[in-house]
Amino acid sequence: MNRTEKADLVDSLRTTFEGSEVVVITHQTGLTVTEVEGLRSNVRAAGAGYKVTKNRLARLALQGTRYENLSDLFTGPTSVTTSTDPVAAAKVIVEFANKNDKVTIVGGGLGERKLNIDEIKALAKTPSIDESRAKLVGLLQTPASRMVGVLAAPAGQIARVLKAHSEQSE
């Protein structure tokens, strides 16, 4: 890799870090090509990004970003999972790490806050933005549907009473 390729990679990583709400750093050893492709596929499906990085270049890319405090985590065979959704990257990488012991979560960052392994696992248990929106819409719709049922019930009861009364008089 020549100097210009390295500079381009650093710029690309810096852009990725600047556009991400969450960064999860992992160590991976011994992953097969099929496992890496499966992980990348899961990450993409969640709307996140996954990159295997060169530590020195990643540390250079972190300089001047809000994730600069994560540079000490870049040792060994490192990969980075990022996303604009604060939960997506954590959720997909924790799920994969639980199934595959070749991936170890080292740490991460949420905004300017450095996260340890337990905090990343807790973040992964948090509902995603889409799940939260769906729950909120469900909560907002529930009272309206109940009110319609309550308002319709007396009219239905009156109709049944009138029908029963008319059947008795016949």
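Residues numbered from 1 in each chain as written. Predicted model: local features only at pLDDT ≥ 70, side-chain atom pairs only at ≥ 80, totals over all residues. Heavy atoms only, no water.

Engineer: Outline the sheet that holds strand S3 (residues 78-83), supporting the account with residue identities and numerical values.
Structural biologist: Reading across from one edge, S2-S3-S1-S4-S5 is the order of the five strands in this open sheet, with antiparallel pairing throughout. Each of the sheet's edge strands pairs with one partner strand only, and the pair in question is strand S2 (48-52) and strand S5 (113-115). Between one strand axis and the next, the sheet turns by 20 degrees as a mean value, whatever way the strands run. As defined by bridge partners, strand S4 (residues 103-110) adjoins S5 across three bridges and the pair is classed as antiparallel. By the bridge assignment for S5, leucine 110 is matched with arginine 113. Seen against the sheet, helix H2 (residues 33-45) touches S2 and S3 and runs at an angle of roughly 150 degrees to S2. Sheet contacts for helix H5 (residues 117-125): strand S1 (22-28), S4 and S5; angle to S5, the most-contacted strand, approximately 95 degrees. (Pairing = 2+ DSSP bridges. Helix = DSSP H or I, 4+ residues; strand = E, 2+ residues; numbered from the N terminus. Axes fitted to C-alpha atoms, helices over the stretch in contact; angles between N-to-C directions. Contact = heavy atoms within 4.5 Å.)

Engineer: If you had to explain the pattern of salt bridges to someone new, which residues and values would you point to?
Structural biologist: Oppositely charged side chains can form a pair if their charged atoms are brought close together. Summed over all chains, the structure comprises six salt bridges. Ionic pairing is found between glutamate 35 and lysine 102, a salt bridge with its closest N-O pair at 3.4 Å. One end of the pair, glutamate 35, is in helix H2; the other, lysine 102, is in the loop between helix H4 (88-99) and S4, with 67 residues separating them in the sequence. Residue glutamate 35 is classed as partly exposed on the basis of its relative accessible area of 23%. With a relative accessible area of 25%, lysine 102 lands in the partly exposed category. As a salt-bridge pair, arginine 113 and glutamate 119 come within 2.8 Å of each other at their nearest N and O atoms. Classification of arginine 113 by relative accessible area gives partly exposed; the value is 49%. (Salt bridge = Lys/Arg side-chain N within 4 Å of Asp/Glu carboxyl O. Buried < 20%, exposed > 50% of the residue type's maximum accessible area, 1.4 Å probe, protein only.)

Engineer: How would you explain the packing of aromatic side chains if you had to name every residue and give the values?
Structural biologist: If you walk through the whole model with that rule in mind, you get one aromatic pair. Seen in terms of ring centroids, phenylalanine 17 and tyrosine 67 are 6.5 Å apart; in terms of plane orientation they differ by 55 degrees. Their pairing is tilted. Taken together, the residues span a long stretch of sequence, with phenylalanine 17 in helix H1 (residues 3-18) and tyrosine 67 in the loop between helix H3 (55-62) and S3 at a distance of 50 residues. Both residues of the pair, phenylalanine 17 and tyrosine 67, count as buried. (Phe/Tyr/Trp six-rings, centres within 6.5 Å; stacked < 30°, edge-to-face > 60°.)

Engineer: Account for the environment of valine 87, with residues named and values stated.
Structural biologist: Tracing the chain through its elements places valine 87 in the loop between S3 and H4. Residues valine 87 and leucine 110 lie 23 residues apart in sequence; the distance between their C-alpha atoms is 9.6 Å. Sequence-distant contacts of valine 87, that is, excluding residues within four places in its chain, are made with Leu123, Ala124, Thr126, Pro127 and Ser128.

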